[in-house]
Amino acid sequence: LVHCIRTPPPPPPGQGAGAEIMLAVINQVLSLSAEPPLPVPPAWTPLPLGLLAPRGWALEQLLLQANSLSGYMPLSTFPGADTVNQSVWVGGTAAPKGGTDQWLPYWANGNVPLLMLLRAAGPAAVARLDPAAQLGPVVDRMMQYVLGHVNRSKSGPGAGWIGPFLNEPGDTNGHGLWDPLNMCRALLMYSEGEPSSRPAVAAAVVAHLTAEARLLESDPVYKWAATRWPTFVQVCLYVVDHVVPQFAGARAVLPLGAAGTTKLLMGASRLFRAKGMDWRGYYNGSSAVRFPTGPVAGWNTHDHGVNNAEGALAWPAMDRRLGAAQGEADAAMTLVLSRLDEYQGQPNALFCADEVFCGRAPHRGTETCAVVEAMASLEQAFSVLGDPSLVDRLEALAFNALPAALTDDMWTHVYVQQANSVFAGDTHPPLSEEQDPSRRRHSLHYRHVEGGCTAGSADGPAGGCRAHRHSLHDVPSGEDQTANFYGVSHFPCCITNFPQGWPKFVASAVLTHGNAFAVASFLPLNATLPDAVGGGATLLIETSYPFAGEAVLTVSVPQGHSTTAYLRIPGWAAGASVNGQRAANGTVHAVPLGSGLATLRVRLPQPIRVERGWGVLGNVSSPPADAAVVRRGPLLFSLRPAEQRRVVRDYRRLLPYRPLAVDYEISTREAWSFALDLSDLGALRFEPLASPGWAESLPFSTSEYPFSVRVPARLLSNATWGYWRGTNITAQPPASPIDCDALPSGACGPLEQIRLVPFGSTNLRIAVFPWSH
């Protein structure tokens, strides 16, 4: 970004493709469908960036992210940083990795909302940004550079295109139609927080979407674009919802006018959907490519976890907005989540995908990209469908999987995380790659090698890559064996993509519809609501949730106005109350508010919950694991053995040297193979006292804890529960219940008390336990 920072921003782009070309595109896309000409309104609309200001621990998390790996990448040279600061998107010369340059758009998609939230928090928050990272100037100049380098030609295949025109037309990996969409998102989010940029952003994004619509007439839709078609729809509908009304009379922004632009984008959205992945057929088993009911051995884009997180989890909501009935969209969302739960479920990360789906074994991993993309899709799904249970799942990811994907200082991350992991580093069985098919490498990601497919074949809905291979069962993949270390030298997707997790989660906490607002997550924040909501009412949320079970909301409604507050009550919060009145769990609780000041005191009871049925399902030859996990409120609890940490690679030769941007190996010498004693659930005891060093300024500290749960347990021998194939990877938990009396002497130790802490406060952990009576 040195070139980007020093170069004065060029003038804003022109109109892009001519109106006569775009009119031809309209005729093509409108012939596809007789569905509604306008999108179905969403249940809720998130507040524009700039109106919501984080406070408390949420602000601390965002500042921590800005002042660490996420914020420093543009001005650093450690591995992965070059994908940002040398990207061709900003005039760099770095060769795109894997034939794609999606990395800077990924980075911008997270760091733009991060910066906008911090600016909304006020000068005191901005003053705490590390000046050496220059996050504000970097983002501002990056956005201006991208806007100034839109293809301004009036004709040709790249007319109106944002960024590098790569992999088009018709690339066989499907990057070209998808890669720029995250930059479109970043530009639109930037325009929310920086209103002066809105005309240029609106013109550029409309021109780009018009160019994609034109390419869709003839382009095949393959792999990445095919599976991620809902992202294109999402961007198009944002433009229809927000840009078209604001610039209805501005031909420089909307050359086709408001009605013509809406027709174009609605038709292009349906065309992309028609040419993209048939997610419904995949999940209900009616298509040639079907959802796997176990681990997948061969790499392919259909079973790829991130594609399912960004594509399948977003499909029902986007289908709804394109005209599907509410009941049909709700049923589709239930279908996706129920299949994931049953066959790929993990207690920490929604589903298992250490690249592709990997089943239910707790020593299999989930890619960090899958975590943040699932969060983004669930945020969008709640906004459109309004189902509060979707936020329960969202919070389970935000408060467990997301912090566990990073060291607590946010300087290093894992590529995959596991529910059970007592070693974060490189570990292998004493077999060669040829002997052990699980040793697949991430080079497959670079080469996009499809399991069971011939070279160059398509894997879109009509493609030939349909074979699934489910032969590995609980065998950890090469990613589990080599990519669960905390560091910076992983494949560049997660290092550039993880930054969207916290900012988008915070930004989705408050939403509006008509003259009402919803609080989806009780995060500490201030919000100024639009004038249409209570005449511009203001909201203050004071809370330490999820580290406490109470929240105090103060709403100020101007004289002569009223509004209604809708408060999401989590499904686990039986006995919840608002101002002493019962609020049913699993609902959105309505509170009418007149003018003046109102205080809403929300209480969310958080009893300890023990869930059984985790781990592998079993088959005719082996019983199901029926393992147990312990939860309280939205938090998953785990054993945290003491760490032994060492730096295995630093990058002091890559200047400027960032001493915390290293690769670690983390291990433990402590016992971990415990079976919980569940003979008396009342013996599980919540201990509210925090460790002496815990503070909200570092809420997910991996050396402290805000509270803990004490559980009776017995240590199992290594012969009963040990390591997989002589590695440092935990073996599968033995099937439960464990009958210690029937096992050989010494298989079960004496009953003792173990301490469990929040999963998000761990680098090493055991969260899925066998159990006994």
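Asks: Before we move on, could you go through the overall build of the protein chain and cite the residues and values that matter?
Replies: A tally of helices and strands in the protein chain yields 23 helices and 30 strands. A buried classification covers 62% of the 773 residues belonging to the protein chain. In the protein chain, the proportion of contacts linking residues at least 24 apart, taken out of those at least 6 apart, comes to 76%. Accessible area for the protein chain stands at about 25400 Å²; split by element, carbon and sulfur atoms hold 54% of it.

Asks: Help me get a handle on the layout of surface pockets, residues and values and all.
Replies: Approximately 1200 Å³ is the volume attributed to the largest pocket. Around the largest pocket, the lining is made up of 44 residues, and of these Thr-45, Pro-46, Glu-192, Tyr-238 and His-242 lie nearest the centre. By residue number, the principal contributor to the lining of the largest pocket is helix H12 (residues 229-246), which donates 8 residues. Each residue belonging to the lining of the largest pocket can be placed in one class, and the counts come to 25 nonpolar, 12 polar and 7 charged.

Asks: Explain the state of the cysteines residue by residue, including any values.
Replies: As used in these notes, a disulfide is a covalent bond between sulfur atoms, one from each of two cysteines. In this structure the tally under the stated criterion is 2 disulfides. Between the sulfur atoms of Cys-352 and its disulfide partner Cys-358 the distance amounts to 1.9 Å. Here the S-S torsion is close to -100 degrees, and the disulfide linking Cys-352 with Cys-358 is therefore left-handed. Judged on exposure class, the residue Cys-352 and its partner Cys-358 are both buried. Between the sulfur of Cys-740 and that of Cys-748 lies a disulfide, 2.1 Å long from S to S. Disulfide Cys-740-Cys-748: torsion about the S-S bond near -85 degrees, hence left-handed. Between Cys-493, a cysteine without a disulfide, and Cys-369, which holds the nearest cysteine sulfur, the sulfur-to-sulfur distance is 3.8 Å. By relative accessible area, which is 3% here, Cys-493 ends up buried.

Asks: Describe in detail the side chain of Gln-481, supporting the description with residues and values.
Replies: Mapped onto the secondary structure, Gln-481 falls in helix H21 (residues 478-482). A polar contact is formed between the side chain of Gln-481 and the side chain of His-428, at a distance of 3.3 Å.

Asks: Tell me about the confidence of the model for the protein chain, and name the residues and values.
Replies: A low pLDDT means the predicted coordinates there should not be read in detail. When the pLDDT values of the protein chain are averaged, the result is 90; 89% of them are 70 or greater. Contacts from residues 1-22, a stretch scored under 50 in pLDDT, to residues over four places away or in other chains number 53 contacts.

Asks: Give a detailed account of the packing of aromatic side chains, specifying residues and quantitative values.
Replies: Throughout the structure, instances matching the rule amount to 30 aromatic pairs. For the pair Tyr-106 and Trp-178, a centre-to-centre distance of 5.8 Å together with 70 degrees between the ring planes defines the contact as edge-to-face. Of this pair, Tyr-106 sits in helix H6 (residues 103-120) while Trp-178 sits in the loop between helix H8 (135-148) and helix H9 (181-193), and the two are 72 residues apart along the sequence. On the basis of relative accessibility, which here comes to 1%, the residue Tyr-106 falls in the buried class. Between the aromatic rings of Phe-232 and Phe-272, the centroid separation amounts to 4.8 Å while the plane-to-plane angle is 45 degrees, which identifies the pairing as tilted. Taken together, the residues span a long stretch of sequence, with Phe-232 in helix H12 and Phe-272 in helix H13 (residues 257-275) at a distance of 40 residues.

Asks: An account of the sheet that holds strand E10 (residues 510-513) is requested, with residue identities and associated values reported.
Replies: The mixed open sheet is built from 5 strands, whose spatial order is E1-E10-E11-E15-E18. In this open sheet, the two strands that pair with only one neighbour each are strand E1 (45-46) and strand E18 (587-593). In terms of strand pairing, E1 meets E10 through 2 bridges, oriented antiparallel. Looking at E10, one finds that Thr-45 is bridged to Thr-512.

Asks: Tell me about empty space enclosed by the protein, residues and numbers included.
Replies: Summed over the entire model, instances satisfying the criterion amount to 9 cavities of 30 Å³ or more. Approximately 90 Å³ is the volume found for the largest cavity. Along the walls of the largest cavity sit 14 residues, with Gln-61, Pro-403, Thr-407, Asp-408 and Phe-700 positioned nearest its centre. In terms of residue class, the lining of the largest cavity is built from 8 nonpolar, 5 polar and 1 charged.

Asks: Explain the pairing of strand E28 (residues 748-758) residue by residue, including any values.
Replies: Bridging between strand E22 (residues 635-639) and E28 involves 3 bridges; their strand directions are antiparallel. Within the sheet, the bridge partner assigned to Phe-637 lies in E28 and is Pro-758. Looking at chain direction, strand E27 (residues 708-716) and E28 are connected through 7 bridges and run antiparallel. Across the sheet, residue Arg-714 finds its bridge partner in E28, namely Leu-751.

Asks: Tell me about the pattern of salt bridges, and please be specific about residues and values.
Replies: Summed over all chains, the structure comprises 21 salt bridges. The salt bridge partner of Arg-119 is Asp-140, with a shortest N-O separation of 2.8 Å. Of this pair, Arg-119 sits in helix H6 while Asp-140 sits in helix H8, and the two are 21 residues apart along the sequence. With relative accessibility at 22%, the residue Asp-140 sits in the partly exposed group. Between Glu-687 and Arg-710 there is a salt bridge whose closest N-O contact spans 3.8 Å.

Asks: Describe the sheet that holds strand E13 (residues 538-543), and please don't skip the residues or the numbers.
Replies: The strands making up a sheet associate through backbone hydrogen bonding, with each pair oriented either parallel or antiparallel. Ordered in space as E2-E12-E13-E14-E19-E16-E17, the 7 strands form an open sheet in which the pairing is antiparallel. The open sheet has two edge strands, strand E2 (52-54) and strand E17 (581-582), and neither has a second partner. In terms of strand pairing, strand E16 (residues 577-578) meets E17 through 2 bridges, oriented antiparallel. Bridging across to E17, Ser-577 finds its partner in Arg-582.

Calculation criteria
Residues numbered from 1 in each chain as written. Predicted model: local features only at pLDDT ≥ 70, side-chain atom pairs only at ≥ 80, totals over all residues. Heavy atoms only, no water. Helix = DSSP H or I, 4+ residues; strand = E, 2+ residues; numbered from the N terminus. Buried < 20%, exposed > 50% of the residue type's maximum accessible area, 1.4 Å probe, protein only. Contact = heavy atoms within 4.5 Å. Areas by Shrake-Rupley, 256 points an atom, 1.4 Å probe, with all protein chains shown as cover. 1 Å grid on protein atoms, 1.4 Å probe; cavity = no way out; pocket = protein on both sides within 12 Å on 5 of 7 lines; lining within 4 Å. Points joined across faces, edges and corners; volume = space filled by probe spheres on them. Nonpolar A, V, L, I, M, F, W, Y, C, P; charged D, E, K, R; others polar. Disulfide = S-S within 2.5 Å. Polar contact = N/O pair within 3.5 Å; in protein donor to acceptor, adjacent residues only side chain to side chain. pLDDT = per-residue confidence, 0-100. Phe/Tyr/Trp six-rings, centres within 6.5 Å; stacked < 30°, edge-to-face > 60°. Pairing = 2+ DSSP bridges. Salt bridge = Lys/Arg side-chain N within 4 Å of Asp/Glu carboxyl O.

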